[in-house]
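Summary of the model geometry
Okay, here's what each chain looks like letter by letter:
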Amino acid sequence: MRDHFLVFGAPVLTEEDLEAVLATFRSGWIGTGPKAAEWEQTFARYTGAKHAVSLSSCTAALHLAMLSLGIQPGDEVITTPMTFCATANAILHAGARPVFADVDPRTGLIQPAEIERRITPRTRVILPVHLAGRACSMREILALCEAWGLALIEDCAHAIETLYEGQHAGTFGRAGCFSFYVTKNLTAIEGGMVITNDQDIAEQIQTRALHGLTADAWKRFSDAGFKHYEMVSLGYKYNFPDVHAALALSQFKRLETNLQRREAIWRRYDAAFANLPCLIPPPPEPGTRHARHLYTLLLDLDALTISRDRFLDELHQRNIGGGVHYLSLHLHRYYREQFGLRPQDYPHALWHSDRTVSLPLSAGLTEADVADVIEAVTDVLTRFKR
Ligand SMILES: *Cc1c(COP(=O)(O)O)cnc(C)c1O
């Protein structure tokens, strides 16, 4: 057994990252400024979007993306219950009501037919999540948006590298929202981004990210000379500092090599777990690129004597950290009580939520780490087989 604990979702940080942060630190300009602007340009070029606005988090990105569409109290936004609570919380922050649509039991992705079932005259937005880095059925979802006159906002927190028919995740609708939190495929410690092809949305978000001050407010202390600034809307404090942007730009250089490393780990896991009492992730849908953010097994509970939570305890005892992505939102007390939801309202999400377990997939894992994960998972699933 491993002699020290393998942390789930550990970031890969290098000396080069540190040097980039230090260089910005030493430049004297550590708040939002030229590095944040460079990161926005880099990310817009990478995704093929016309505009990119960096923010303090993906939660902020989702919140402002919805405000920029003029969401009002009483409006409904259809999203998936198989996501991090931030997705649905941001809908509430914007004053709208989150309406969950059930998922594909195997992939956990929102199902277009279930979205259609939940559309009402109050529906304004469809907000799919590319769970684990797997692209949602964008063709079907876009068709629904078109048929019902709805806006599309994509939660791309897991999907920095995701492609669907050659097109980048986040570019299909009005806005795409990304996260650079510690555990994501690229980290700035904290950070987010909205991409959009709509100049008006980009400008609104930029303004609202800094108190509602005129868009170039950060320039006011630069060497361009003193400028008055004016508040034009009620904004928030969601700006992205340059020290974080320097880390993001440095991490970006390794985005593709890190993805290749995670793909290699993924193949080893697939081969090792294929014949155990669990389902391995289905291969990426044809015409898509999977961002390999989370490697998730679905435990075959009928063939095991233990629950998923006990499985995680057993992994932990073998010094391997695992995760759950996610406990379906309709099972959380807040959502249950606020919206009167019952477990059986979303049977596929319930099924997926009870069985899903995420294994370590960081590009920083050594071959020995991967072997340790395989040994521990194999041991637990063999020992507790019915
Ligand atoms: C991490 C995450 C978010 C929130 O990102 P932050 O940058 O931490 O605000 C939103 N949605 C999903 C699916 C996530 O995994």
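Residues numbered from 1 in each chain as written. Predicted model: local features only at pLDDT ≥ 70, side-chain atom pairs only at ≥ 80, totals over all residues. Heavy atoms only, no water.

Along its length, the protein carries 13 helices and 13 strands. Its C-alpha atoms give the protein a radius of gyration of 21 Å, near enough to 21 Å, the size a compact globule of 386 residues would have. If you line up the protein on its principal axes, its C-alpha atoms span 70 × 55 × 35 Å. Sorting the 386 residues of the protein into buried and exposed places 55% on the buried side. With an accessible surface of roughly 16,600 Å², the protein has 53% of that area assigned to carbon and sulfur atoms. Computed over 38 positive and 44 negative side-chain charges, the separation of the two mean positions in the protein equals 2 Å. (Helix = DSSP H or I, 4+ residues; strand = E, 2+ residues; numbered from the N terminus. Rg over C-alpha atoms; globule rule 2.2 N^0.38 Å. Buried < 20%, exposed > 50% of the residue type's maximum accessible area, 1.4 Å probe, protein only. Areas by Shrake-Rupley, 256 points an atom, 1.4 Å probe, with all protein chains shown as cover. Lys, Arg positive; Asp, Glu negative; His and termini not counted. Charge placed at Lys NZ, Arg CZ, Asp CG, Glu CD.)

It is worth spelling out the domain arrangement of the protein at this point. In terms of domains, the protein is made up of domain 1 (15-252) and domain 2 (255-383). Taking only C-alpha atoms into account, the centre of domain 1 sits 26 Å from that of domain 2. With 43 residues of domain 1 in contact, the opposing surface of domain 2 contributes 37 residues. Between domain 1 and domain 2 lies a buried interface of about 3,400 Å² when both sides are counted; carbon and sulfur atoms form 59% of it. Interface area lost by domain 1 to domain 2 is led by Met82, Arg106 and Arg134, which between them contribute 21%. Where domain 1 packs against domain 2, one counts two salt bridges. Where the side of domain 1 that touches domain 2 is concerned, the elements lending two or more residues are α4 (85-93), β3 (97-100), β6 (163-164) and α8 (242-252). Top contributing element to the side of domain 1 that touches domain 2 by residue count: α4, with four residues. Among the residues making up the side of domain 1 that touches domain 2, the classes are represented as 21 nonpolar, 13 polar and nine charged. (Domains from an automatic or database assignment. Contact = heavy atoms within 4.5 Å. Buried area = accessible area lost by both parts, 1.4 Å probe. Salt bridge = Lys/Arg side-chain N within 4 Å of Asp/Glu carboxyl O. Nonpolar A, V, L, I, M, F, W, Y, C, P; charged D, E, K, R; others polar.)

So, about the state of the cysteines. Under the definition given, this model contains zero disulfides. Here Cys85 stays free of any disulfide, with the sulfur of Cys58 as its closest cysteine sulfur at 12 Å. The thiol of Cys145 is not disulfide-bonded; the next cysteine sulfur, from Cys136, is found 12 Å away. Under the relative-accessibility criterion, Cys145 is labelled buried at 7%. (Disulfide = S-S within 2.5 Å.)

In the vicinity of the ligand lie 16 residues, with Thr59, Asp155, His158, Ser179 and Lys184 positioned nearest. Contact between the ligand and Thr87: a nitrogen atom at 3.5 Å from a side-chain N or O atom of the residue. The separation between an oxygen atom of the ligand and a polar side-chain atom of Ser179 is 2.7 Å. When the ligand sits alone it has 380 Å² of accessible area, and the protein chains cover 93% of it. Counting atoms within 2 Å of the grid points, the majority share of the ligand lands in the largest pocket. Those elements giving two or more residues to the shell around the ligand turn out to be α3 (58-68) and α4. Across the shell around the ligand, the residue classes tally to seven nonpolar, seven polar and two charged. (Near = heavy atom within 4 Å. Polar contact = N/O pair within 3.5 Å; in protein donor to acceptor, adjacent residues only side chain to side chain. 1 Å grid on protein atoms, 1.4 Å probe; cavity = no way out; pocket = protein on both sides within 12 Å on 5 of 7 lines; lining within 4 Å. Sits in = over half its atoms within 2 Å of the grid points.)

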